[in-house]
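Now for the letters of each chain:
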Amino acid sequence: MQTRIHAAGLAGIDEKLRAGERLTLDDGVTLFTSPDLLALGSLANREREKRHAARTYFNYNLRIEATNVCVASCLFCSFARLRPGDPGAYTMSLEQAWDKLRRRQDQPLTELHIVNGLHPDLPFSYYTDLLRGFKRIRPAIHLKCFTAVEIAFFADIYGMSDEQVLKALMEAGLDSLPGGGAEIFAERVRRKICHDKCGTDRYLDIHRIAHRLGMRSNVTMLYGHIETLDERVDHMMRARALQDETGGFQAFIPLAFHPDNNQMRKLPAPSATDTLRVHAVARLMLDNIPHIKAFWIATGLDVAQTALWFGVDDLDGTVQEEKIYHMAGSATPEGMTTAQLTRLVRAAGREPLERDTLYNIVNDMGSGVLTKSEMTPDPITPAPAC
Ligand code: V47
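1. Thoughts on the packing of helix α10 (residues 200-212) against helix α11 (residues 229-246)
Closest axis-to-axis distance for the α10/α11 pair is 10 Å, and the angle between their directions is 25°. One element, α10, and the other, α11, form an angle in the roughly parallel class. Between α10 and α11 lies a crossing whose hand is right-handed. Along the contact surface, α10 presents Thr200, Leu204, His207, Arg208 and His211, while α11 presents Arg238, Leu242, Glu245 and Thr246. Per-class residue counts for the contact of α10 with α11 are two nonpolar, four polar and three charged.

2. Looking at helix α4 (residues 37-52)
Its 16 residues place the ends of α4 22 Å apart at the C-alpha level, agreeing with the 22 Å of an ideal helix rising 1.5 Å per residue. Buried residues in α4 make contact with α1 (2-7), α2 (11-18), α3 (25-33), β1 (55-59), α12 (272-285) and β8 (291-292). Where α4 begins, the capping side chain belongs to Asp36, and its oxygen is found 3.0 Å from the backbone nitrogen of Leu38. Positive phi shows up at Ala53, right after α4, with a value of about 50°.

3. Regarding the nonpolar core
Core analysis: the largest hydrophobic core is formed by 120 residues, its most contacted members being Leu31, Leu112, Phe134, Phe146, Leu169, Met236 and Phe252. Leaving out residues up to four positions away in the same chain, Phe134 has contacts with Ile64, Ala97, Trp98, Leu101, Leu112, Ile114, Ile141 and Leu143.

4. What about the sheet that holds strand β9 (residues 314-317)?
The mixed open sheet is built from four strands, whose spatial order is β9-β1-β10-β11. With partners counted over all chains shown, the strands left at the sheet margins are β9 and β11 (361-363), one partner each. Neighbour-to-neighbour, the strand axes of the sheet open up by a mean angle of 40°, direction not taken into account. Note that strand β10 (residues 351-355) and β11 share two bridges and pair antiparallel. Within the sheet, the bridge partner assigned to Arg355 lies in β11 and is Ile361. Taken strand by strand, helix α15 (residues 338-347) contacts β1, β9 and β10, and its axis lies near 145° from that of β10.

5. With respect to the side chain of Asp27
Inspection of the secondary structure puts Asp27 in helix α3. What makes Asp27 buried here is its relative accessible area of 11%. Within the structure, Asp27 has its side chain in polar contact with the backbone nitrogen of Thr24 (distance 2.9 Å). Not counting the four nearest positions on each side in its chain, Asp27 is found in contact with Ile13, Lys16 and Arg22.

6. Things to note about the pairing of strand β4 (residues 142-145)
Neither face of β4 is open: one carries His142 and Lys144, the other Leu143 and Cys145, and all of them are buried. Direction of pairing for strand β3 (residues 111-114) relative to β4: parallel, over a ladder of four bridges. Across the sheet, the residue bridging to His113 is Lys144, located in β4. Once you follow β3 into helix α6 (residues 124-137) and on to β4, the crossover reads as right-handed.

7. Let's talk about the site of the ligand
In the neighbourhood of the ligand, 24 residues make up the surrounding shell, with Phe76, Lys144, Gly181, Glu183 and Tyr325 lying closest. A distance of 2.7 Å separates an oxygen atom of the ligand from a polar backbone atom of Gly181. Expressed as a share of its isolated accessible area of 620 Å², the protein-covered part of the ligand is 96%. Comparing atom positions with the cavity grids shows the ligand to sit within the largest cavity.

8. Quick word on the pattern of salt bridges
In this structure the tally under the stated criterion is 32 salt bridges. With a shortest N-O distance of 2.8 Å, Arg22 and Asp287 are connected by a salt bridge. Placement of Arg22 in the loop between α2 and α3 and of Asp287 in the loop between α12 and β8 is noted, with a sequence separation of 265 residues between them. Residue classification places Asp287 among the buried residues on the basis of a relative accessible area of 16%. A salt bridge links Glu65 to Lys323; the nearest nitrogen and oxygen atoms lie 4.0 Å apart. Of this pair, Glu65 sits in the loop between β2 (61-64) and α5 (94-102) while Lys323 sits in the loop between β9 and α15, placing them 258 residues apart in sequence. What makes Glu65 buried here is its relative accessible area of 1%. Judged by relative accessible area, which is 23%, Lys323 ranks as partly exposed. The network of salt bridges with common partners includes Asp14, Arg18 and Arg46.

The rules behind each value
- Residues numbered from 1 in each chain as written.
- Predicted model: local features only at pLDDT ≥ 70, side-chain atom pairs only at ≥ 80, totals over all residues.
- Heavy atoms only, no water.
- Axes fitted to C-alpha atoms, helices over the stretch in contact; angles between N-to-C directions.
- Helix = DSSP H or I, 4+ residues; strand = E, 2+ residues; numbered from the N terminus.
- Parallel < 35°, antiparallel > 145°, perpendicular 65-115°, else oblique.
- Left-handed = near helix turned anticlockwise from the far one by under 90°.
- Contact = heavy atoms within 4.5 Å.
- Nonpolar A, V, L, I, M, F, W, Y, C, P; charged D, E, K, R; others polar.
- Expected span 1.5 Å × (residues − 1).
- Polar contact = N/O pair within 3.5 Å; in protein donor to acceptor, adjacent residues only side chain to side chain.
- Core = buried A, V, L, I, M, F, W, Y, C linked by side-chain atoms within 4.5 Å.
- Buried < 20%, exposed > 50% of the residue type's maximum accessible area, 1.4 Å probe, protein only.
- Pairing = 2+ DSSP bridges.
- Right-handed = clockwise from strand over helix to strand, strands pointing away.
- Near = heavy atom within 4 Å.
- Areas by Shrake-Rupley, 256 points an atom, 1.4 Å probe, with all protein chains shown as cover.
- 1 Å grid on protein atoms, 1.4 Å probe; cavity = no way out; pocket = protein on both sides within 12 Å on 5 of 7 lines; lining within 4 Å.
- Sits in = over half its atoms within 2 Å of the grid points.
- Salt bridge = Lys/Arg side-chain N within 4 Å of Asp/Glu carboxyl O.

This is the structure in structure tokens:
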């Protein structure tokens, strides 16, 4: 492989990685443009195995999208409907939303992942009651809810600061933030594809505040549309810079653009090799974010499985009832069982572990790696390298 890495023009980057040196924007672009996918993959795999050996994480989670009414007009979105009453628009009553969890009492769910459209008419109490109700039904469930874009929207329409919104939601049961809404941080792209929602600085600041308040969060990147390679690497570096400050990001999640039923439908979906490259480059650039997640609903199952050799150590979870990607053309199943995820990981020659949202191991799937130290969550501290 060393010969391949040299032939691919990646010897300098290889040396930097071996020396524990940080990669630059130019290095990231070089990685993207190097023709040898396997050379790139082997570098990313080395970094992945240094952190996680063969371990591959997933969790038992359920999605709830309580409303798709949304005042924003993101060009890539197939899920949102502008006004209540528009064809396909829906808003669940609190009882309807809570029922989604009640009906799964027999399932060992550990996480509820909730994201919504930006609904102009609901009161703030809808969201706090929503969280309180879920905790009443299942006190131990982890509530990973509301993107930074939703937090900014709540602050603006309910006349609160971002911090006040976060504190009020935490008081009602919020445990962490998902990474959605990041899209591409470069202002050029944001202006074109999502001009009327919270900008990059505010997105990052909301995560900064959430980390300061003791929550963990994720960060995503929507790729495969109009962004340049420089803009992809710049996006990763902005996430890396905030992680240097706070240490609160758990996972970086590249999200493959899906073109069905939205205003960018003329663009092709990103290829499998592009998807493998993005995940591999993310592993190499993001030396301080512990996990690189392949969201199998977005990548497809086969590519997610292959990505386990291209820097990825996390497959999200069972992801039952996902809507955003299925409305945009994802052909993946509506959800996976832990047995199916386990088989998929083992078939790739990796070691499956069921985790909770904070990466405590809840089921070692028979591998015998469950130890007390792995069950203790890491405290949040600034972590320049992991
Ligand atoms: O922000 C919307 C993306 C995101 C499309 O934190 C699209 O664990 C592709 O954030 N094609 C929401 N992508 C999903 C999300 C997420 C997913 C998995 C795990 C986590 C986590 C968060 O979905 C949006 C947007 O970037 N999106 N429409 C589309 N047509």
